[in-house]
Amino acid sequence: DVDMQYRLGCSDEMIGIGPATTWLRIAAEGGHAKAQYNLACAYKSGEGAPVDYKESARWNRAAAEQGHTEAQCNLGLSYCKGQGVAQSYADAKGWLEKAAAQGDELAAHELGKVQMALAVQARGHIAMFSGREVATGLEKNR
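Residues numbered from 1 in each chain as written. Predicted model: local features only at pLDDT ≥ 70, side-chain atom pairs only at ≥ 80, totals over all residues. Heavy atoms only, no water.

### Some points on the overall build of the chain
Consideration 1: Assigned secondary structure in the chain consists of eight helices and zero strands.
Consideration 2: Listing each helix as α and each strand as β along the chain from the N terminus yields α-α-α-α-α-α-α-α.
Consideration 3: Sorting the 142 residues of the chain into buried and exposed places 44% on the buried side.
Consideration 4: When contacts within the chain are restricted to residue pairs at least 6 apart in sequence, long-range pairs at least 24 apart make up 49% of them.
Consideration 5: Accessible surface computed for the chain: about 7200 Å², of which carbon and sulfur atoms make up 54%. (Helix = DSSP H or I, 4+ residues; strand = E, 2+ residues; numbered from the N terminus. Buried < 20%, exposed > 50% of the residue type's maximum accessible area, 1.4 Å probe, protein only. Contact = heavy atoms within 4.5 Å. Areas by Shrake-Rupley, 256 points an atom, 1.4 Å probe, with all protein chains shown as cover.)

Encoded structure:
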C-alpha cells in the first residue's frame, strides 16, 4: 500500500537516512504524489539521497502532473534556472501558473519575474532569472 510506504518514508526515525528514501522511492514509483515530491526534495537537498537535479526535476514533474502545488512551483523554478532540465521561461511560466492558480504565493511572485523575462526575450534581448532562489540557493521545500 503506497500510503503505508509513504508514512514509513516520513517517519521521524527514518528521516534523512537511506531506509526513508527507499520507502519514499517505493511509494513514489507507486504513484504517491507526496512521496514523489519528498523524493524530489531529497535529491535537491542531498538529504537521504545524493544531490541529483535531474532526478529532482523528474520526481517534481511526476508530482506536479498530479496537481501537487509545491512540486509545480519547484519544477517551474527548475525551468527558470535550468536546473535538472533545459532552461525555459515558457515552461517555467506554465508550471508557475498552475501553482499560482492553486494559491501558491511564491509561484505567483516568481511568475511575475518570468513574465518580465519573456517580455524581454520577445524584444530580442537576453533575460536572466535573478530571483532570490538563484542568488541564495533557497528552494521551497515543505
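### Overview of the pattern of salt bridges
Consideration 1: Enumeration according to the criterion identifies four salt bridges in this entry.
Consideration 2: Between E97 and K93 there is a salt bridge, with its nearest N and O atoms 2.9 Å apart. Residue E97 and its partner K93 are both found in helix α6 (residues 89-101); the two are separated by four residues, about one turn of the helix.
Consideration 3: The exposure class assigned to K93 is partly exposed, which follows from its relative accessible area of 26%. (Salt bridge = Lys/Arg side-chain N within 4 Å of Asp/Glu carboxyl O.)

### What about helix α3 (residues 33-45)?
Consideration 1: For α3, with 13 residues, the first-to-last C-alpha span of 18 Å sits near the 18 Å given by 1.5 Å per residue.
Consideration 2: Within α3, eleven of the 13 residues are buried, leaving the element largely enclosed by the surrounding structure.
Consideration 3: When we look at burial in α3, the residues that qualify are A33, A35, Q36, Y37, N38, L39, A40, C41, A42, Y43 and K44.
Consideration 4: At the exit of α3 stands G46, carrying a positive phi of roughly 85°. (Expected span 1.5 Å × (residues − 1).)

### Here we look at the environment of S78
Consideration 1: Tracing the sequence through the fold places S78 in helix α5 (residues 69-81).
Consideration 2: Taking C-alpha positions, S78 is 9.9 Å from Y89, a pair spaced eleven residues apart along the chain.

### Comments concerning the side chain of T69
Consideration 1: In this fold, T69 is placed in helix α5.
Consideration 2: Looking at T69, the relative accessible area reads 16%, which means it is buried.
Consideration 3: The contacts of T69, once residues within four sequence positions are left out, are A99, Q102 and D104.

### Points about the nonpolar core
Consideration 1: Residues C73, L75, Y79, L96 and V114 are the most contacted members of the largest nonpolar core, which totals 23 residues.
Consideration 2: Among the elements of the structure, α3, α4 (53-64), α5, α6 and α7 (105-122) are those that each provide at least two residues to this core.
Consideration 3: If one sorts the elements of this core by residue count, α5 sits on top with six residues. (Core = buried A, V, L, I, M, F, W, Y, C linked by side-chain atoms within 4.5 Å.)

### A short note on the state of the cysteines
Consideration 1: Under the definition given, this model contains zero disulfides.
Consideration 2: Unpaired in this structure, C73 has its nearest cysteine sulfur neighbour in C80, at a distance of 8.9 Å.
Consideration 3: You can call C73 buried: its relative accessible area is 0%. (Disulfide = S-S within 2.5 Å.)

### A look at the packing of aromatic side chains
Consideration 1: This model, assessed by the stated rule, comprises zero aromatic pairs.
Consideration 2: Taking the ring centre of W95 as reference, the NZ or CZ of K98 above it sits at 4.7 Å. (Phe/Tyr/Trp six-rings, centres within 6.5 Å; stacked < 30°, edge-to-face > 60°. Lys NZ or Arg CZ within 6 Å of the ring centre and 35° of its normal.)

### Description of the packing of α6 against α7
Consideration 1: Two elements in contact, α6 and α7, have axes whose closest approach is 9 Å; the angle formed by their N-to-C orientations is 150°. It follows from the interaxial angle that α6 and α7 lie roughly antiparallel. Here α6 and α7 pass one another in a crossing that is left-handed. From α6, Y89, A90, A92, K93, L96, E97, A99 and A100 reach across to α7, where they touch A107, A108, E110, L111, V114, Q115, A117, L118 and Q121.
Consideration 2: In terms of residue class, the contact of α6 with α7 is made up of twelve nonpolar, two polar and three charged. (Axes fitted to C-alpha atoms, helices over the stretch in contact; angles between N-to-C directions. Parallel < 35°, antiparallel > 145°, perpendicular 65-115°, else oblique. Left-handed = near helix turned anticlockwise from the far one by under 90°. Nonpolar A, V, L, I, M, F, W, Y, C, P; charged D, E, K, R; others polar.)

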